[in-house]
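# Chains, contacts and geometry: an overview
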Amino acid sequence: MPTLGSQLRLRLEALALDRPRARRAAALAGVSYVAWRLLPRLRRLYRATVDWRDPVLPRDLRALRVPLAAADVEDEIREKRAVVDGAAREVAWATPGRRTRTALAVVYVHGWGACRQEIAPTPQLLAKALGANLYCHRLSGHGRRRAAAPPTEPPSGEILLAEATPRKLFLDALEAFRVGLALGDRVVVVGVSTGGGLATWLAARVADRVADEPEGDRLAALVLVSPCYGLGHPLYPFLKKPFTFLRLVPFGLAPPLRAWLLAALMGREKRSPALSPDHARYNALAYPHPALLHLVDVLYGLEGLDVSRARAPTFLVANHGDAVIDFGRAARVFEALGAALPSAPPKVMVACPSDAHPHVLASQMLSPNTVDGVLDAAILFVRAHTGRDAGLRRKAAPSRPPSFGSVTGLDALMRPFPF
């Protein structure tokens, strides 16, 4: 019985005798190798072409350098358009009536379709525990109502489509941080879902562009709740790739073509069930399906993000059963945070189970059983890693602050901190 080696030798000899076939095989192997080597460059070229043809990401951080004093913040953030009651941008002073900076300021950025009520009262209690001023931002197009509508009417989905464009959402992250810089010497950014993705982009850009300027060290920490870097729906890749390619269509035809095609495939309107009266009141639960393309474009922009030099200590909490986001991608982004730095920043990723709402954690409205645990862990983490200049009394930290890839629950997180 012929051995495997002899069979292979016979096949190679037969191929050598068939010279045209051998040449075709060699050519195919060569083309495959070249394509494999060029694929990363082609992907970068494709992304650069899309970004050039349809720019979404802000090119610079000049918005951060526009002066803003703490005493002027309330005038700066005053709403100029009709907003649902309870959804407006808001500043809460650490000492009521005293409009001065604090050592730390907390900036809160909510998720897609929501408003500042999404994970209340967690940001408020975090700021109170840190003795910090708090700024709750409102993303463009979110929490908005028609001018003629009563203040208690739910947010308008049509306005979400018209105003929540990708570029505006990235600029929102810069504006929120600018307000935070006016409110505190250093800033802790709390981001939920899409707001978590925007906060991560902000951390990467601040580290990359202004590392040698004051703003570079004024981002004190990130607190990310279910950050969204990709959707968890199995059809998301099939939605992202063709609709991203359509951004290259010239002559201003791309927006109407993409909107028409998505509406033809998925229907005109997306509707989500209300889980509570407050959920219905503060969230855009019905909006035109083409509004999803704004979110898809934001997530595509985040895919090209290099977080390897992000220096901010990061506390990330998510649920591995969350079907809204791509949990695996969130874990990979977390692992890459600060990976290129000589000393990686402190970071903790917590898997937090929730039988109430697997995506919106630390929310009295949707997952009240997770508020206390997430809040306590976030307070401990921020206190441990914001340094003595934040004005917080704590024991001396170890030479290498504790950092975890993941822990199974919030209880396991309490032990390593130096308190």
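Residues numbered from 1 in each chain as written. Predicted model: local features only at pLDDT ≥ 70, side-chain atom pairs only at ≥ 80, totals over all residues. Heavy atoms only, no water.

### Notes on the overall build of the protein
The helix and strand inventory of the protein stands at 14 helices and nine strands. A total of 419 residues make up the protein; the buried ones form 51% of that total. Sequence separation of 24 or more characterises 77% of the internal contacts of the protein that already satisfy a separation of 6 or more. In the structure as shown, the protein presents an accessible area of about 20,500 Å², 58% of it carried by carbon and sulfur atoms. (Helix = DSSP H or I, 4+ residues; strand = E, 2+ residues; numbered from the N terminus. Buried < 20%, exposed > 50% of the residue type's maximum accessible area, 1.4 Å probe, protein only. Contact = heavy atoms within 4.5 Å. Areas by Shrake-Rupley, 256 points an atom, 1.4 Å probe, with all protein chains shown as cover.)

### With respect to the pattern of salt bridges
Side chains that differ in charge, positive against negative, can pair when their charged atoms come close. Taken as a whole and assessed by the stated rule, the structure comprises 17 salt bridges. Taking the shortest distance from any N to any O, the salt bridge between arginine 268 and glutamate 158 comes out at 3.1 Å. In this pair, arginine 268 sits in the loop between helix 10 (254-266) and strand 6 (269-271) while glutamate 158 sits in helix 5 (residues 157-163), placing the two residues 110 residues apart along the sequence. A salt bridge links glutamate 269 to arginine 271, with the shortest nitrogen-to-oxygen separation between them at 2.9 Å. Given a relative accessible area of 34%, glutamate 269 falls into the partly exposed group. Members of the salt-bridge network, linked through shared partners, are Asp54, Arg247, Arg258 and Asp297. (Salt bridge = Lys/Arg side-chain N within 4 Å of Asp/Glu carboxyl O.)

### A few points about helix 9 (residues 236-245)
Residues three or four positions apart in an α-helix share a direction because the helix packs 3.6 residues into each turn. By the burial criterion, the buried members of helix 9 are Tyr236, Leu239, Lys240, Phe243 and Thr244. Around the axis of helix 9, the buried residues are gathered within 105° of arc, so they sit on the same side. Opposite the buried face of helix 9, at more than 90 degrees from it, the exposed residues are Phe238 and Lys241. (Arc of directions from axis to C-beta.)

### A short note on the packing of aromatic side chains
Scanning the entire structure with this criterion turns up three aromatic pairs. Ring centres 6.2 Å apart and planes at 85° place the aromatic pair tryptophan 112 and tyrosine 287 in the edge-to-face group. You can see tryptophan 112 sitting in the loop between strand 2 (102-109) and helix 4 (122-130) and its partner tyrosine 287 sitting in strand 7 (residues 286-288), a full 175 residues away along the chain. Under the relative-accessibility criterion, tryptophan 112 is labelled buried at 15%. Plain terms: the ring middles of phenylalanine 170 and tryptophan 201 are 5.0 Å apart, the flat faces sit at 65° to each other, and that makes the pair edge-to-face. Of this pair, phenylalanine 170 sits in helix 6 (residues 166-183) while tryptophan 201 is found in helix 7 (residues 194-209), placing the two residues 31 residues apart along the sequence. The burial state of phenylalanine 170 is the same as that of tryptophan 201; both residues are buried. Sitting over the ring of phenylalanine 334, lysine 347 keeps its end group 5.1 Å from the ring centre. (Phe/Tyr/Trp six-rings, centres within 6.5 Å; stacked < 30°, edge-to-face > 60°. Lys NZ or Arg CZ within 6 Å of the ring centre and 35° of its normal.)

### Notes on the environment of leucine 231
If you trace the backbone, leucine 231 turns up in the loop between strand 5 (219-225) and helix 9. Classification of leucine 231 as buried rests on a relative accessible area of 18%. Separated by 94 residues in the primary sequence, leucine 231 and isoleucine 325 place their C-alpha atoms 4.4 Å from one another. Apart from residues no more than four positions distant in its own chain, leucine 231 is found in contact with Tyr236, Leu295, Leu299, Val324, Ile325 and Asp326.

### Focus on the sheet that holds strand 2
Spatially, seven strands are ordered 1-3-2-4-5-8-9 in an open sheet, and the strand pairing comes out mixed. In the strand order of this sheet, the two ends are held by strand 1 (90-92) and strand 9 (347-351), each with one partner. Each neighbouring strand pair of the sheet contributes to a mean axis angle of 15°, computed without reference to strand direction. Pairing of strand 4 (residues 184-192) with strand 5, which is carried by six bridges, proceeds in the parallel orientation. In the strand pairing of strand 5, valine 187 is matched with leucine 219. Lying over the sheet, helix 13 (residues 327-336) contacts strand 8 (314-318) and strand 9, oriented at roughly 160° with respect to strand 9. (Pairing = 2+ DSSP bridges. Axes fitted to C-alpha atoms, helices over the stretch in contact; angles between N-to-C directions.)

### Things to note about the side chain of asparagine 283
Structurally, asparagine 283 can be placed in the loop between helix 11 (277-282) and strand 7. Given the relative accessible area of 10%, asparagine 283 is considered buried. A distance of 3.0 Å separates a polar side-chain atom of asparagine 283 from the backbone oxygen of histidine 279. Once residues lying within four places of it in the same chain are set aside, the contact partners of asparagine 283 are Gly113, Ala114, Pro155, Asp278 and Met365. (Polar contact = N/O pair within 3.5 Å; in protein donor to acceptor, adjacent residues only side chain to side chain.)

### Let's talk about the nonpolar core
Grouped together as the largest cluster of nonpolar side chains are 68 residues, with contacts concentrated most on Val73, Trp112, Phe177, Leu183, Val189 and Leu222. Residue contributions to this core peak at ten residues, all from helix 6. In this structure leucine 183 touches Val73, Val91, Trp93, Thr100, Arg101, Thr102, Ala105, Asn133, Leu134 and Tyr135, once residues within four positions along its chain are discounted. Judged by nonpolar contacts, the second largest core, of 34 residues, contains Ala132, Val188, Leu375 and Ile379. (Core = buried A, V, L, I, M, F, W, Y, C linked by side-chain atoms within 4.5 Å.)

### Things to note about the packing of helix 10 against helix 12 (residues 292-303)
Look at helix 10 against helix 12: their axes get within 10 Å of each other, and the N-to-C directions meet at 115°. Judged by the inter-axis angle, helix 10 sits roughly perpendicular to helix 12. Across from Arg258, Ala259 and Leu262 in helix 10, the residues of helix 12 making contact are Leu292, Leu293 and Asp297. Considered class by class, the residues forming the contact of helix 10 with helix 12 number four nonpolar, no polar and two charged. (Parallel < 35°, antiparallel > 145°, perpendicular 65-115°, else oblique. Nonpolar A, V, L, I, M, F, W, Y, C, P; charged D, E, K, R; others polar.)

### Things to note about the side chain of serine 226
In this fold, serine 226 is placed in the loop between strand 5 and helix 9. Residue classification places serine 226 among the buried residues on the basis of a relative accessible area of 0%. Excluding its chain neighbours within four sequence positions, the residues that come into contact with serine 226 are Ser193, Val317, Ala318, Asp322, Ile325, His359 and Leu361.

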